[in-house]
Amino acid sequence: MNLFSATFDARQTAPLAERMRPRTMDEFIGQKDILGPGKLLRRAIEADRISSLILYGPPGTGKTSLAQIIANKTTSHFVRINAVSAGVKDIREILEKAQERLHFYTQKTLVFCDEVHRFNKGQQDVLLPAVEQGIIVFIGATTENPYFEINSALLSRSTIFRLNPLTDEEIRSGLEKALADKERGLGNYKTEIAPEAIVHWVDHAAGDMRRALNALELAVLTTQPENGIRKIDLSIAKESIQERHFRFDKKGDNHYDIISAMIKSMRGSDPDAALYWLAVLLESGEDPRFIMRRIIVHASEDVGLADPTAMLQAQAAANALEWVGMPEARIPMAQAVLAIATAPKSNSVVTGIDNALEYIRSHRAGSVPPHLRDAHYPGAKNLGHGVGYLYPHSFPGGWVEQDYLPAEAKGISFYKPSSKGLDKNRGKPGVEK
């Protein structure tokens, strides 16, 4: 310690979002599904009965704040580490001290790890025995889906709580508290903030409280007072938070959630929703080839023979993407999406092949009937190959009754035409549709 550190107060220089972190459950904003009165996690925190858990959710939803509230409440020794900076050696030292603390003082140790998804397998394996034996209580915070990033052994010993983006009203409440708080917030500044400025911050924060508070602080601190009052209008608000925030990660579950939403919107025949999710994917920087692959698959899976031109349009859009690139290719991509969304739906193609595969996997493969075998090489007919084969084009309508399945599968039907679009007119001639 030196002369200057004795008077230094980090709270005065910390960002507004850090200063406004809730200190108690009553100050915490949002997450009522898991932290409302009577909810399991709230009861556990208030009773100081926390077991190992994973807090999972987007940035700015309160994961670290919740861990800090637990630290303030618990009688356990609280240790905070970051997965980026804590190596295996650091973790071993923490576990050794935790074991000593438990053995000599019967005091538990609660270890909070931020960005736990960055832990490698070796780091996670070091933690596992200590969690399993109750030497530590482990709390991990992550923006990534823990089922993708954390090993199953550690997951099985932890309770997972998902934190959701804050609602507009919750973001607004956080801004109002920061403006009124004279101890930790901006309450000592005289401000006049236009209602539309608040609306802009709330809208562009997209459920991220930290992002909203950062914008508010920047706007207030950079606005010169007029007659002692800092007046913040919409133009200043726009300058303080210029780009709309997209919660998107190409490697995370949000990536799969959005593509899933687009697929289900096409399948559900909602062209507006399908275009919306396509636009989100494109604006978020998703690889257009990845999007195009999904469009092609679902042209066959969800439309199929009800309108075979949907597959042609999807393939044409993929070809256009290769030839013209982005952003122009957004137009043929949108055309393919709309073609699928507005087409009659049939999944007879996917059920047909899946029925056939399921049958093959559960039954011994049958022999090719002799009349269907290749008869083009010398001596084939001497073996009976092709003998008795009826050439369909030699018969009226280009069809004749004939067995094509092996004897073991005779009478089995895999393809069942739907009643939608062109699919209803398909099937075997002479078979009722």
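Residues numbered from 1 in each chain as written. Predicted model: local features only at pLDDT ≥ 70, side-chain atom pairs only at ≥ 80, totals over all residues. Heavy atoms only, no water.

Let us now look at the sheet that holds strand E5 (residues 159-162). Pairing is parallel in the open sheet, where five strands are placed in the order E2-E3-E4-E1-E5. The outermost strands of the open sheet, each flanked by one partner alone, are strand E2 (77-82) and E5. The sheet shows a mean angle of 15° between the axes of neighbouring strands, direction not considered. Note: strand E1 (residues 53-56) against E5, four bridges, orientation parallel. (Pairing = 2+ DSSP bridges. Helix = DSSP H or I, 4+ residues; strand = E, 2+ residues; numbered from the N terminus. Axes fitted to C-alpha atoms, helices over the stretch in contact; angles between N-to-C directions.)

On average, residues of the protein score 88 in pLDDT, and 92% of them are at 70 or above. Here residues 3-10 is modelled with pLDDT under 50, and outside its nearest four sequence neighbours on either side it reaches two contacts, counting other chains as well. (pLDDT = per-residue confidence, 0-100. Contact = heavy atoms within 4.5 Å.)

With that settled, consider the pattern of salt bridges. Tallying each qualifying case throughout the model produces 15 salt bridges. For the salt bridge of Glu 169 with Arg 172, the shortest nitrogen-to-oxygen distance reads 3.9 Å. In this pair, Glu 169 and Arg 172 are both assigned in helix H10 (residues 168-180), three residues apart and thus about one turn of the helix distant. Take Glu 169: its relative accessible area is 55%, and that puts it in the exposed class. When the shortest N-O distance is used, the salt bridge between Glu 301 and Arg 267 registers 3.5 Å. Residue Glu 301 is found in helix H16 (residues 288-303), and its partner Arg 267 is found in helix H14 (residues 253-267); the two are separated by 34 residues along the sequence. Taking relative accessible area as the criterion, Glu 301 reaches 26% and is therefore assigned partly exposed. Sharing partners across several salt bridges, the network here consists of Arg 23, Glu 27, Asp 181 and Arg 184. (Salt bridge = Lys/Arg side-chain N within 4 Å of Asp/Glu carboxyl O. Buried < 20%, exposed > 50% of the residue type's maximum accessible area, 1.4 Å probe, protein only.)

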